[in-house]
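# Structural description and commentary
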Amino acid sequence: MASREIINLQVGQAGNQVGEAFWNMLLAEHGLDQSGRYQGSDPLQLQRIGTYFIEVESQGEKRYVPRSTQIDLEAGVCNRLRSGPIGGLFRPDTYVTGQPGAGNNWAKGFYTEGAELVDSLLEVIRQQAEACEVLQGFQLLHSLGGGSGAGLGCLLLSKLREEFPDRMLATFSVLPSPKVSETVVEPYNAMLSVHQLLDTSDLSICIDNEALYNIATGALKIKQPAFPDLNQLISKVMCGISTSLRFPGQLNGDLRKLGMNLIPFPRLHFLMPSYAPMYDTKAQAYQGTKVSELTQALFDRKNLFVACDPRFGRYLTAATIFRGSVASREAEYAVLDLQKRNAAHFAEWIPDNVSVSLCSVPPVGQKQAATALANSTAIQELFTRTQDTFTAMFKRRAFLHWYTGEGMDPMEFSEAESNVQDLVSEYQQYQEAGADLEELVEDEVYEDEEE
Ligand code: GDP
């Protein structure tokens, strides 16, 4: 069956480390070993494998090679990946690294060192795009708090937007948390990134290290979670969301359809993922797997990958994806029932705003699981948190010379600040909106049609 391909781009330390966890999980789901040879027994594993893998044949042997480019401004993390267990899975010429690193400075990633690397990087990506039949789009894995993933990641997105204007650009963006990292300039890097993502990305799946940390210490009972623990969680969500792109099933979609269902207004494209069930391995045998319980958990704050409280906001839209043997009627009923019981938290002016998809293939080692992506106005909490620390530093011009030293104009900081401030206000406006909003929506649709 023809696949609509996605090219993965992993940039910087977080991007490459999350990427490593993601590819490991994909290998297991599709029955591939660490060098990309098929060892599985379920034909469903191969039907749409072309979404993320290229099939190559050499000396009579078939291998599946990731559609992926591994990028960094310093070679350390990529070298570790290359010499690790799945290093040989990737084509050697798809590792693109620079020197000497971005030193957590967004300006180096976007304006100076990153800009020097970006042309050779685009050349590699172009070749991968040419190898696709029907490229649906790109997914960028990166953190927003550092220099490479944030700065170069955003620069790369803007270049891809120019070169592939009609392909989807999706990001998995890891937001900084003071609990996990202590680099003081992270709020600067994150705000400058969001400022860019507002324009260049079609949909950004926000992952908040603070929420992951809470899940790891809480539900998973890990005393001192390290990045591999957090990245394991992220890859569960990444595999969950892409299930219907990778396996045949009901309501199969592509990235564009996902975006169309989830994003009612183009700027409000920052989505919150959640996953269920979530428990430590010792408790696995005692875990209920009723569809209603899974659904309940998906909309529970404790299962959310962003440290926001959805009870303080409204869901504009959501997509749920159930895996394993789940009857569609049961899943649809569970979702509708949950919406009815929590009506105040769902925007009533967007009809059918929660979608349900099903895939019979469960994650490896589980019978059933579910993932959701929600567009909730509660996400403004995340941006407000980042903005508050940004503003406290920017008022004093703290560390600004790191950025101006790379040629950046302080105006860009002010613009980022007001752009994110506007975003927060827009979320607030739709949160408070009721019936009169219907008029506003109609006006916007009308204007769009006129364009
Ligand atoms: P870059 O290499 O310049 O892009 O910088 P990093 O990716 O190291 O960015 C720093 C931010 O990413 C901080 O907020 C870190 O907490 C976070 N980070 C770094 N590595 C990881 C990782 O493997 N997983 C997760 N979840 N976050 C990470």
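What comes next is a walk through the structure. Residue numbers here run from 1 along each chain, matching the order of that chain's written sequence. Under the rules for a predicted model, residues below a pLDDT of 70 receive no local features and side-chain atom pairs below 80 are neither given nor counted, while totals for whole chains, interfaces and linings still include all residues.

### With respect to the overall build of the chain
- Here a strand is any run of E in DSSP of at least two residues, a helix any run of H or I of at least four, and the numbering for each starts at the N terminus. Each helix and strand counted, the chain has 16 helices and 12 strands in total.
- Restricting the calculation to C-alpha atoms gives the radius of gyration, and the globule rule supplies 2.2 Å times the number of residues raised to the power 0.38. Rg of the C-alpha trace for the chain: 21 Å, near the compact-globule value of 22 Å for 451 residues, within the 12% margin.
- Overall size of the chain, expressed as C-alpha extent along the three principal axes, is 65 × 60 × 55 Å.
- Going through the 451 residues of the chain one by one, you find that 48% of them count as buried.
- Each residue is represented by a C-beta atom placed from its backbone, and any two residues with such atoms within 7 Å are regarded as in contact. Put simply, 83% of the contacts in the chain that link residues at least 6 apart link residues at least 24 apart. Whether a residue is buried, exposed or partly exposed is read from the other C-beta atoms within 10 Å of its own C-beta, which are placed from the backbone; 20 or more gives buried, 12 or fewer gives exposed, and intermediate counts give partly exposed.

### Looking at the site of the ligand
- Inspection of the region around the ligand gives 23 residues, with Gly12, Ser143, Gly145, Gly146 and Gly149 positioned closest.
- Elements with a contribution of two residues or more to the shell around the ligand: helix H1 (12–29), helix H6 (148–163) and helix H9 (227–246).
- Tallying contributions element by element places H1 first for the shell around the ligand, with 5 residues.
- Under the convention adopted here, Pro, Cys and the residues Ala, Val, Leu, Ile, Met, Phe, Trp and Tyr are nonpolar, Asp, Glu, Lys and Arg are charged, and Gly plus all remaining residues are polar. Residue composition of the shell around the ligand, by class: 9 nonpolar, 13 polar and 1 charged. In this analysis, residues qualify as near a molecule or strand once their C-beta atom, positioned from backbone atoms, comes within 6 Å of it.

### Considering the pairing of strand S10 (residues 315–323)
- The element S10 is largely enclosed, with a buried count of 9 among its 9 residues.
- Sheet analysis places S10 next to strand S12 (residues 369–376), joined by 8 bridges and oriented antiparallel. Bridging across to S12, Thr317 finds its partner in Asn375.
- Here, any two strands with at least 2 DSSP bridges between them count as paired. Where S10 lies against strand S11 (residues 354–359), 6 bridges are found, and the strand directions are parallel. Residue Ala318 lies in a different strand from S11, and its bridge partner there is Val354.
- Here is how to tell: hold the view so the strands point away, follow the path from the first strand over the helix to the second, and if it runs clockwise the crossover is right-handed. A crossover connection joins S10 to the parallel S11 through helix H12 (residues 328–341); in handedness this β-α-β unit is right-handed.

### Describing helix H7 (residues 186–200)
- End to end, H7 covers 21 Å across 15 residues, agreeing with the expected 21 Å (1.5 Å per residue, within 8%).
- Within H7, 11 of the 15 residues are buried, which leaves the element mostly enclosed by the surrounding structure.
- Among the residues making up H7, those that are buried are Glu186, Pro187, Tyr188, Asn189, Ala190, Met191, Leu192, Ser193, Val194, Gln196 and Leu197.
- Among the structural elements, helix H4 (106–110), H6, strand S7 (168–175), strand S8 (203–208), helix H13 (380–395) and helix H15 (410–432) are those in contact with the buried residues of H7. For a helix, the expected span equals 1.5 Å multiplied by the number of residues minus one.

### With respect to the sheet that holds S8
- Strand order in this open sheet of 10 strands is S5-S4-S1-S6-S7-S8-S9-S12-S10-S11, and the pairing throughout is mixed. With one partner strand each, in any of the chains shown, strand S5 (95–97) and S11 form the two edges of the open sheet. Neighbour-to-neighbour, the strand axes of the sheet open up by a mean angle of 20°, direction not taken into account.
- Note: strand S4 (residues 68–72) against S5, 3 bridges, orientation parallel. Its bridge partner lying in S5, Ile71 is registered against Val96.
- Axes, fitted as lines to C-alpha atoms, cover a helix only where it is in contact. Angles between the N-to-C directions of the axes lie from 0 to 180 degrees. Packing of helix H10 (residues 255–262) onto the sheet brings it into contact with strand S1 (5–11), strand S6 (135–143), S7, S8, strand S9 (270–276), S10, S11 and S12, and relative to S10 it is tilted by some 140°.

### Some remarks on the pairing of S4
- Of all the 5 residues making up S4, 5 are buried; the element is thus mostly covered by neighbouring parts of the structure.
- Judged by which residues are buried, S4 turns out to be covered on both faces: Ser68, Gln70 and Asp72 on one side and Thr69 and Ile71 on the other are all buried.
- Relative to S4, S1 runs parallel, the two sharing 4 bridges. Of the residues in S4, the one forming a bridge with Asn8 is Ser68.

### Some thoughts on the packing of helix H8 (residues 209–217) against H9
- Interaxial distance between H8 and H9 falls to 10 Å at its minimum, and their mutual angle equals 100°. The orientation of H8 with respect to H9, classified from their angle, is roughly perpendicular. Of H9, the residues touching H8 (which contributes Asn209, Leu212, Tyr213, Ile215 and Ala216) are Asp229, Leu230 and Leu233.
- Here the residues of the contact of H8 with H9 sort into 6 nonpolar, 1 polar and 1 charged. Note that the term roughly parallel is reserved for angles under 35 degrees, roughly antiparallel for angles over 145, roughly perpendicular for angles of 65 to 115, and oblique for everything else.

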